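Fold and contact review
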Amino acid sequence: MPLSPLDIHNKEFGRRLRGYDEDEVNEFLDQVIKDYESLIRENKELQNQLLGLQERLNHFTNIEETLSKTIIVAQEAADEVRSNAKKEAQLIIKESEKNADRIINDSLAKSRKVSLEVEELKKQASVYRARFRTLVEAQLELLTVDGWDTLEPKVRQAEHELTLG
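Residues numbered from 1 in each chain as written. Predicted model: local features only at pLDDT ≥ 70, side-chain atom pairs only at ≥ 80, totals over all residues. Heavy atoms only, no water.

**A short note on the overall build of the protein**
Defined as follows: Under the DSSP-based scheme used, a helix requires at least four consecutive residues in state H or I and a strand at least two consecutive residues in state E, with every element numbered from the N terminus. It is over C-alpha atoms that the radius of gyration is taken, and the globule rule equals 2.2 Å times the number of residues to the power 0.38. All accessibility values rest on the Shrake-Rupley procedure with a 1.4 Å probe; residue burial counts only the protein chains present in the view. As used throughout, the charge tally considers Lys and Arg to be positive and Asp and Glu to be negative, leaving His and the chain termini uncounted. Lys charges are placed at NZ, Arg charges at CZ, Asp charges at CG and Glu charges at CD.
On a plain count of helices and strands, the protein comes out with 3 helices and 0 strands. In sequence order, the secondary structure elements of the protein are arranged as α-α-α. In terms of C-alpha radius of gyration, the protein reaches 61 Å, well past the compact-globule figure of 15 Å for 165 residues. Principal axes of the C-alpha set define a box for the protein whose edges measure 190 × 20 × 15 Å. Of the roughly 15400 Å² of accessible surface on the protein, 57% is carried by carbon and sulfur atoms. Charge separation in the protein, taken as the distance between the mean sites of 25 positive and 33 negative side-chain charges, equals 8 Å.

**Some points on the pattern of salt bridges**
Note the cut-off: The salt bridge definition used is simple: a Lys or Arg side-chain nitrogen within 4 Å of an Asp or Glu carboxyl oxygen.
The full count for this structure, using the stated rule, is 3 salt bridges. The salt bridge partner of Lys 122 is Glu 119, with a shortest N-O separation of 3.9 Å. Within this pair, Lys 122 and its partner Glu 119 are both found in helix 2 (residues 22–144), separated by 3 residues, close to a single helical turn.

**Some details on the environment of Thr 61**
Relative to the assigned elements, Thr 61 resides in helix 2. Between the C-alpha atom of Thr 61 and that of Ser 107, which follows or precedes it by 46 residues, the distance is 68 Å.

**Some remarks on helix 2**
Basically, it comes down to this: Expected span, for any helix, means 1.5 Å times one less than how many residues it has. Three labels apply to residues, based on accessible area from a 1.4 Å probe with only protein chains included: buried if under 20% of the type maximum, exposed if over 50%, partly exposed otherwise in between.
An ideal rise of 1.5 Å per residue puts 183 Å on 123 residues; helix 2 measures up with 177 Å between its terminal C-alpha atoms. Among the residues making up helix 2, those that are buried are Leu 29, Ile 33, Leu 135 and Ala 138.

**A look at the confidence of the model for the protein**
Our working rule: Scored from 0 to 100, pLDDT records how confident the predictor is in each individual residue.
Confidence along the protein averages 87 in pLDDT terms, with 93% of residues attaining 70 or more. When pLDDT is averaged over each helix and strand of the protein, the minimum, 68, is found for helix 3 (residues 148–164) and the maximum, 93, for helix 2.

**What to know about the packing of aromatic side chains**
To keep it simple, the criterion reads: For this analysis, a ring pair means two rings from Phe, Tyr or Trp (six-membered ring only for Trp) whose centres lie within 6.5 Å, classed as stacked if their planes differ by under 30 degrees, edge-to-face if by over 60, and tilted for the remaining angles.
Applying the stated criterion to the full structure yields 1 aromatic pair. Judged by centre distance (5.9 Å) and plane angle (15°), the ring pair of Tyr 128 and Phe 132 falls under stacked. Of this pair, Tyr 128 and Phe 132 both sit in helix 2, separated by 4 residues, roughly a single helical turn. When its relative accessible area of 55% is taken as the criterion, Tyr 128 is described as exposed.

**Quick notes on a negative patch on the surface**
Note the cut-off: Patch definition: residues above 30% relative accessible area lacking any salt bridge, with like charges linked at up to 9 Å and the nonpolar side chains Val, Leu, Ile, Met, Phe, Trp and Tyr linked at up to 5 Å.
Among the surface-exposed residues, Asp 21, Asp 23, Glu 24, Glu 27 and Asp 30 lie close enough to one another that they form a single negatively charged patch. With respect to the helices, strands and loops of the structure, Asp 21 is situated in the loop between helix 1 (5–10) and helix 2. Residue class for Asp 21 comes out partly exposed when judged on its relative accessible area of 45%.

**Observations regarding the environment of Asp 106**
Tracing the chain through its elements places Asp 106 in helix 2. Spatially, the C-alpha atoms of Asp 106 and Tyr 128 are 32 Å apart, while their sequence positions differ by 22 residues.

**Overview of a nonpolar patch on the surface**
Together, Tyr 128, Phe 132, Val 136, Leu 140 and Leu 143 give the surface a local cluster of nonpolar side chains, amounting to about 560 Å² of exposed area. As for its placement among the helices and strands, Leu 140 is situated in helix 2.

The structure is reproduced here in structure tokens:
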């Protein structure tokens, strides 16, 4: 156990015949006590400073660990957001492709339908023209023929064709 200033102060030396000067020894001991007390105070102050610095170091170490963990979590979150964005983009592209295919298929179907309708109208127009030509030819023939007996069957045929069409 180290000496305390009180141990030094209370220390008594035995006396001898030709010993040291007692006042000089006491003065020296007083000086040692003062220096020793000063060193003890300084040591305590340094220990307190060391504890304070150690606490600050621990605090900053905790902050560093927290920041490191936060950075890792932020990086993971960013990676997840990036991954989700890619997946969503792929889904949007697939959906757009499906919609484009559907629109194209609908357009082709409508185009085919319109084409069939046009063909049907062309056929109907052709039939109408043929019938109209027949009617006009019958009418022209009526105008060129003098006899009523020959006209009657042709008029009936033309009327019949008009009622069918």
